[in-house]
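Chain by chain, the residues:
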Amino acid sequence: SCGEVSGRGVCQDVVPSNSPVGAQFPFSGIDDRENWPIVFYNRTCQCQGNFMGYNCGECRFGYTGPNCTVRRSMIRKEIFRMTMAEKDKLIAYLNLAKRTISPDYVITTGTYEQMNNGSNPMFADINVYDLFVWLHYYASRDAFLEDGSVWANIDFAHEAPGFLPWHRFFLLLWEREIQKVTGDDNFTIP
């Protein structure tokens, strides 16, 4: 759908990067992240304007309103300056996220190879809190190699130039999902 009727976005083919990678990574075609994301899907939404999300149904970070045109600034409080009530609310929200199954996302419970090239899907529901634990793990875990071993010399989320932008997006998305679970659009991660 991608919001094509409303002009929010269009569906298009995924075009993976063909940028050269360093010779230090022993690509073998086994690790699902080597050719991300086409190992799991080959079409996605390209959102227009200030729309974002898997179906272009949300506003980009920093925007709100029915057409995502209203600029919105959020202020994140320094955790050591939070009141006890604010800390209690944070803990309550995190606990709620631990008890709430994500309505939008599932996780893979096996590699694409274990899924017999997709013919035996292996996905599971997950709560909103653990979704972000899993995302962080998936981005930083050791790489699988074709002989059944792992290559521990890489951590895509931490040992690369993408460290800061990856974590910034990760935290913004986590904050957004907690806002949706709690119905509190003013929630920010301290």
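By the naming in an unreviewed UniProt entry, the protein goes by Tyrosinase and is assigned to Lithobates pipiens. A UniProt comment under Subcellular location (unreviewed entry) is attached to the protein, and it reads "Melanosome membrane". The record in UniProt for the protein states the following under Cofactor (unreviewed entry): "Cu(2+)".

Caption draft 1: Local environment of the domain arrangement of the protein. Taken domain by domain, the protein comprises domain 1 (1-73) and domain 2 (74-189). Each of domain 1 and domain 2 has a C-alpha centre, and these two points are 17 Å apart. Taken together, the contacts link 20 residues of domain 1 with 30 residues of domain 2. Buried surface at the junction of domain 1 and domain 2, both sides included, amounts to about 2,200 Å², of which 59% is carbon and sulfur. Inspection of the domain 1/domain 2 interface yields three salt bridges. Across the pair R141 and D31 runs a salt bridge whose closest N-O atoms are separated by 3.0 Å. Here the side of domain 1 that touches domain 2 is built from residues that sort into 10 nonpolar, three polar and seven charged.

Reading the values: rules and limits
Residues numbered from 1 in each chain as written. Predicted model: local features only at pLDDT ≥ 70, side-chain atom pairs only at ≥ 80, totals over all residues. Heavy atoms only, no water. UniProt positions renumbered as here; feature names shortened; annotations may be inferred. Domains from an automatic or database assignment. Contact = heavy atoms within 4.5 Å. Buried area = accessible area lost by both parts, 1.4 Å probe. Salt bridge = Lys/Arg side-chain N within 4 Å of Asp/Glu carboxyl O. Nonpolar A, V, L, I, M, F, W, Y, C, P; charged D, E, K, R; others polar.

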